[in-house]
Amino acid sequence: MMRNSLGCNDHIQSAMIEELQEANISHTKFLFMGFPEIYKYRRLLFLPFFVSYILVVLGNSLLLFVIRNTESLHSPMYILVSALAVVDIIVPTAIIPAMLLGFLFDLNEISLTGCLTQMFVTHFFSSVESTILLAMALDRFVAICKPLHYTEIMNSAMFMKLLIFTLIRSGTIMFALVALASLLSFCGSNVIRHCYCDHMALVSLACDSISKNNAMGLVVIICFVGIDISVIFFSYVKILHVVLGAAAGEDRWKAFHTCGTHLMVMMCFYFVGSITFLSRNLHIPIPVDVNTFLGVTYIVFPASVNPIIYGVRTKEIRNALLKMFKININKVSIVKVSTIKI
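Rules behind the numbers
- Residues numbered from 1 in each chain as written.
- Predicted model: local features only at pLDDT ≥ 70, side-chain atom pairs only at ≥ 80, totals over all residues.
- Heavy atoms only, no water.
- Helix = DSSP H or I, 4+ residues; strand = E, 2+ residues; numbered from the N terminus.
- Expected span 1.5 Å × (residues − 1).
- Polar contact = N/O pair within 3.5 Å; in protein donor to acceptor, adjacent residues only side chain to side chain.
- Salt bridge = Lys/Arg side-chain N within 4 Å of Asp/Glu carboxyl O.
- Disulfide = S-S within 2.5 Å.
- Buried < 20%, exposed > 50% of the residue type's maximum accessible area, 1.4 Å probe, protein only.
- Contact = heavy atoms within 4.5 Å.
- 1 Å grid on protein atoms, 1.4 Å probe; cavity = no way out; pocket = protein on both sides within 12 Å on 5 of 7 lines; lining within 4 Å.
- Points joined across faces, edges and corners; volume = space filled by probe spheres on them.
- Nonpolar A, V, L, I, M, F, W, Y, C, P; charged D, E, K, R; others polar.
- Pairing = 2+ DSSP bridges.
- Axes fitted to C-alpha atoms, helices over the stretch in contact; angles between N-to-C directions.
- Parallel < 35°, antiparallel > 145°, perpendicular 65-115°, else oblique.
- Left-handed = near helix turned anticlockwise from the far one by under 90°.
- Phe/Tyr/Trp six-rings, centres within 6.5 Å; stacked < 30°, edge-to-face > 60°.

(A) Main features of helix H6 (residues 156-182). For H6, which comprises 27 residues, the first-to-last C-alpha distance of 38 Å matches the rise-based estimate of 39 Å (1.5 Å per residue) to within 8%. A distance of 3.2 Å separates the backbone nitrogen of Ala 157 from a side-chain oxygen at the start of H6, and that oxygen is part of Asn 155.

(B) Region of the structure containing the pattern of salt bridges. Throughout the structure, instances matching the rule amount to five salt bridges. Put simply, Asp 106 and Arg 42 hold a salt bridge, and the shortest N to O gap is 2.7 Å. Highlighted residues: Asp 106 in the loop between helix H3 (76-105) and strand S2 (109-111) and Arg 42 in helix H2 (residues 42-68), separated in sequence by 64 residues. Asp 228 serves as the salt-bridge partner of Arg 169, at 2.9 Å between the closest nitrogen and oxygen. Of the two residues, Arg 169 is situated in helix H6 and Asp 228 in helix H8 (residues 211-246); the sequence distance between them amounts to 59 residues.

(C) Seen up close, the state of the cysteines. On inspection of all chains with the given rule, the structure shows two disulfides. Between Cys 115 and Cys 197 runs a disulfide, and the two sulfur atoms are separated by 1.6 Å. The S-S bond linking Cys 115 to Cys 197 shows a torsion near 65°; that makes this disulfide right-handed. Taken as a pair, Cys 115 in helix H4 (residues 112-145) and Cys 197 in the loop between strand S3 (191-192) and helix H7 (199-203) lie far apart in primary sequence, 82 residues in all.

(D) The arrangement of the side chain of Asn 108 in detail. Mapped onto the elements of the fold, Asn 108 is located in the loop between H3 and S2. Given the relative accessible area of 13%, Asn 108 is considered buried. Residues in contact with Asn 108, not counting those within four places in the same chain, are Phe 30, Leu 31, Phe 32, Tyr 39 and Gly 102.

(E) Structural context of the layout of surface pockets. Considered as a void within the structure, the second largest pocket measures approximately 300 Å³ in volume. Every residue lining the second largest pocket is counted, 15 residues in all, and those nearest its centre are Ala 83, Val 128, Ile 132, Leu 163 and Thr 166. Those elements that provide at least two residues to the lining of the second largest pocket are H3, H4 and H6. Classifying every residue of the lining of the second largest pocket gives 13 nonpolar, two polar and no charged.

(F) Structural view of the sheet that holds S2. The sheet built from three strands is open, its strands ordered S2-S1-S3 with mixed pairing. Of all strands in the sheet, those with a lone pairing partner are S2 and S3, marking the two edges. Direction of pairing for strand S1 (residues 29-32) relative to S3: parallel, over a ladder of two bridges. Each residue of the ladder has a partner; that of Phe 32, found in S3, is Ile 192.

(G) Focus on the pairing of S1. Only one face of S1 is covered, namely the one carrying Phe 30 and Phe 32; the face carrying Lys 29 and Leu 31 has none of its residues buried. In this structure, S1 lies alongside S2, joined through three bridges in antiparallel fashion. The partner of Leu 31 across the bridge, within S2, is Glu 109.

(H) A look at the packing of H6 against H8. Taken N-terminus to C-terminus, the directions of H6 and H8 make an angle of 160°; their axes are 9 Å apart at the nearest point. Relative to H8, the element H6 is oriented roughly antiparallel. The chirality of how H6 crosses H8 is left-handed. Between H6, through Arg 169, Ser 170, Ile 173, Met 174, Ala 176, Leu 177, Leu 180 and Ala 181, and H8, the contact on the second element is made entirely by Lys 212, Asn 213, Met 216, Gly 217, Val 220, Cys 223, Phe 224 and Asp 228. Classifying every residue of the contact of H6 with H8 gives ten nonpolar, three polar and three charged.

(I) Looking closely at empty space enclosed by the protein. Enumeration over the complete set of coordinates arrives at four cavities of 30 Å³ or more. In this structure, the largest cavity occupies an estimated 210 Å³ of space. Forming the boundary of the largest cavity are 15 residues, of which Ser 126, Val 220, Phe 224, Val 225 and Tyr 298 lie nearest the centre. At the level of elements, H4, H8 and helix H9 (250-278) are the ones that each hand at least two residues to the lining of the largest cavity. In terms of residue class, the lining of the largest cavity is built from nine nonpolar, six polar and no charged. Considered as a void within the structure, the second largest cavity measures approximately 110 Å³ in volume. Lining of the second largest cavity is provided by Phe 32, Met 33, Gly 34, Tyr 39, Ala 98, Met 99, Gly 102, Phe 103, Leu 107, Asn 108, His 194 and Cys 195. Among the elements that line the lining of the second largest cavity, the one with the most residues is H3, at four residues. By residue class, the composition of the lining of the second largest cavity is eight nonpolar, four polar and no charged.

(J) Here's a closer look at unusual backbone geometry. Even without a glycine there, the phi angle at Phe 35 is positive, about 50°. Residue class for Phe 35 comes out buried when judged on its relative accessible area of 5%. The backbone phi angle of Asp 106 is positive, close to 55°, even though this residue is not glycine.

(K) Here's a closer look at the packing of aromatic side chains. Summed over the entire model, instances satisfying the criterion amount to six aromatic pairs. Aromatic rings pair up to connect Phe 35, Phe 49 and Phe 103 into one cluster.

In structure tokens:
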């Protein structure tokens, strides 16, 4: 009996030691498991995301090309539109190519360092996009509500202040967010139930307390949603008030439609982004596949439609694009005529 008891105790002690050893081991590699409920159809997901990515890159690249090659568009508003286009290329590029490789070739592994890097790039540039949208709303507010003071307010000094503000706010907050995540130990599952290294998707795997990470997530939402969207909404309300008071008939409808479209796209960016960022934090019961889809949508959808909203639907950019297109058509026609004569 004594021997059996001692053997049982030794077995329990060895099991406890193994558990403690496992608890001290933190994963350095992780596996993405996006859309687990339809995972067996993952190769079919390649096409829609590939097409979306191509549209994002082509649309925003074309917008940049038109603005860069049209001197009349070298104004503060279109500089901000160019900055938005650059960000709309960077953020999807940080996540979609890796997603596509995962869908096609099951290359779903990522190191902790790579995960934290992707997290910083994604969240940093998403916060930069928020600041650009804020600056664009303020630019329109000054142009419409204070037109006589536009040139003295929206100048190079203002852009430098905006750049410094963006780097300090986005850089410090997102660096703190990622730094807190890097201090955690991951001794349980190493499967990230997402298509990319989302903050809470990684943090929820930690075996440490994540109260500081949750608090930091709330700080992000307050700074980039609570503040930015409030100022943007106030700016557009003031713009609509001035425009609707001065315009009549069809012009009123155009102003209302333009501002409404801008706000709808912005709301998609902020609202959907907030849900995905806080769903785990606030224990919102959202299915994993739905949460993953929303997490990709809030990045891809605005990046896809921004070239239309701020590009094609803007009269100056549309005219510049048509002018460039007509010039190219004329050049081709001249070359053909010359060839025929020879």
